[in-house]
Amino acid sequence: MELQDNTKMFEVHMSHSRKELLDIIRIFKLPITNKNDKNKKALQSAIVECVRFLDNIEPEDEYFFINSKEELIEYLQKQNPAKTLTIKEKTEVMMVAKKLIAYSRYGYFLLPQGYMDAVDVYKDAVYIAKFPEIPSVRKAVELINKDPKLRDKVEMVIPRRVKKQLDKRKAVKQSAIPLYVKRGEFILSFD
């Protein structure tokens, strides 16, 4: 039996990272060999070839929210929704996040970090809260929400994919720390 290529040729958008491409291969169970040995360009080509010959895929509602082969192709062709920032914009967001983290770590004093009032702090926090996929932004918003001078808390909507990744990391950290509790009386001596 010969495989039928019934899908037109397409290209994977360059904004998809190698890590994300590996996730797509793993989650959709694409039969690609030696995937960990391939660079990003080779992975893109392998995914295109593999997807073109597939009849259908298993729906995935946890991470990518893709239900059909056509939706997967459309997702791969479009810009990665998690990477909407240019390098210049990301650098600017990172600088604001670092400034807010420094403001928080040094006792919430306005002037040393260049802020004139709490409204400026709140505006910066709201601006960066639109980019929760950046770890420094999440940290900055978390610290700013502890500021006693701010009446309103900064809300940040973390995408489901990022939330899943954070939950996995948290589970790994918690499972890797063995904790033993011993009760009783103990005598410590120091020489």
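Residues numbered from 1 in each chain as written. Predicted model: local features only at pLDDT ≥ 70, side-chain atom pairs only at ≥ 80, totals over all residues. Heavy atoms only, no water.

Some points on the environment of Asn39
Put simply, the rule reads: Comment: elements are numbered from the N terminus, with helices defined as DSSP H or I runs of at least four residues and strands as E runs of at least two. Whether a residue is buried, partly exposed or exposed follows from its accessible area with a 1.4 Å probe, protein chains only, as a fraction of its type maximum: under 20%, in between, or over 50%, in that order. In protein, a polar contact means a hydrogen-donor-capable atom and an acceptor-capable atom, both N or O and within 3.5 Å, with residues adjacent in sequence counting only if both atoms are side-chain atoms; elsewhere, any N or O pair within 3.5 Å suffices.
Tracing the backbone through its elements, the reader meets Asn39 in the loop between helix H1 (18–27) and helix H2 (40–53). When its relative accessible area of 47% is taken as the criterion, Asn39 is described as partly exposed. Put simply, Asn39 and Leu188 are 149 residues apart on the chain and 56 Å apart in space, counted from C-alpha to C-alpha. A distance of 2.8 Å separates the side chain of Asn39 from the backbone nitrogen of Ala42, its partner in a polar contact.

A word on the layout of surface pockets
Going by this rule: Computed over the protein atoms alone on a 1 Å grid, cavities are sets of points where a 1.4 Å probe fits but cannot get out and pockets are open sets with protein on both sides within 12 Å along at least five of seven lines; a residue lines them when it has an atom within 4 Å of a point. Grid points are joined across faces, edges and corners, and a volume is the space filled by probe spheres set on the points. Residue classes follow a fixed rule: Ala, Val, Leu, Ile, Met, Phe, Trp, Tyr, Cys and Pro count as nonpolar, while Asp, Glu, Lys and Arg count as charged, and any other residue, Gly among them, counts as polar.
Considered as a void within the structure, the largest pocket measures approximately 700 Å³ in volume. Lining the largest pocket are 27 residues; nearest its centre among them are Ala82, Lys83, Glu133, Val162 and Gln165. Those elements that place two or more of their residues in the lining of the largest pocket are H1, helix H4 (87–105), helix H6 (135–144) and helix H7 (160–175). Ranked by residues supplied to the lining of the largest pocket, first place goes to H7 with six residues. In the lining of the largest pocket, the residues fall into twelve nonpolar, five polar and ten charged. When its volume is computed, the second largest pocket comes out at roughly 190 Å³. If you list the elements that add at least two residues to the lining of the second largest pocket, you get H1 and H7. For the lining of the second largest pocket, the residue count by class is four nonpolar, no polar and seven charged.

Structural notes on the packing of helix H5 (residues 118–128) against H6
Helices that pack against each other are described as a pair by the angle of their axes relative to one another and the distance between those axes. Selection rule: In this analysis an axis means a line fitted to C-alpha atoms, helices contributing only their contacting stretch, and an angle means the value between N-to-C directions, from 0 to 180 degrees. Definitions for this section: a left-handed crossing has its near helix turned counterclockwise from the far helix by less than a right angle. A right-handed crossing has that turn clockwise. Contacts are assigned to residue pairs that have any heavy atoms within 4.5 Å of one another.
It is at 10 Å that the axes of H5 and H6 come closest, and there the two elements cross at 145°. The hand of the H5/H6 crossing is left-handed. Touching Val121, Ala125 and Ile128 of H5 are Val137, Ala140, Val141 and Ile144, all from H6. For the contact of H5 with H6, the residue count by class is seven nonpolar, no polar and no charged.

What about the pattern of salt bridges?
Once the charged atoms of two side chains with opposite charge are near each other, the side chains can pair. To be explicit about the condition: Think of a salt bridge as a Lys or Arg side-chain nitrogen and an Asp or Glu carboxyl oxygen that are within 4 Å of each other.
In this structure the tally under the stated criterion is seven salt bridges. Glu49 is the salt-bridge partner of Arg52, the closest N and O atoms lying 3.5 Å from each other. With Arg52 and Glu49 both in helix H2 and three residues apart, the pair spans about one turn of that helix. For Lys146, the salt bridge is made with Glu142, and the minimal N-O distance between the two is 4.0 Å. When its relative accessible area of 53% is taken as the criterion, Lys146 is described as exposed. Its relative accessible area of 41% is what places Glu142 among the partly exposed residues. Among the charged side chains, a network of salt bridges with common partners joins Lys19, Asp23 and Arg26.

Overview of the confidence of the model for the protein chain
Here is the rule we go by: Scored from 0 to 100, pLDDT records how confident the predictor is in each individual residue.
Scored by pLDDT, the protein chain comes out at a mean of 85, with 95% of its residues at no less than 70. Predicted confidence in the protein chain is weakest over H7, with a mean pLDDT of 80, and strongest over H6, with 93.

Some points on the packing of aromatic side chains
The condition that has to hold: Centre distance within 6.5 Å is the pairing criterion for rings of Phe, Tyr and Trp, where only the six-membered ring of Trp is used; planes under 30 degrees apart are then read as stacked, over 60 as edge-to-face, and the remainder as tilted.
Tallied over the full model, the rule gives three aromatic pairs. On the numbers, 5.6 Å between centres and 75° between planes, the contact of Tyr103 with Tyr108 is edge-to-face. Take Tyr103 and Tyr108: they sit in the same class, and that class is buried. Where Tyr103 meets Tyr115, the ring centres are 5.7 Å apart and the plane angle is 75°; that geometry is what we call edge-to-face.

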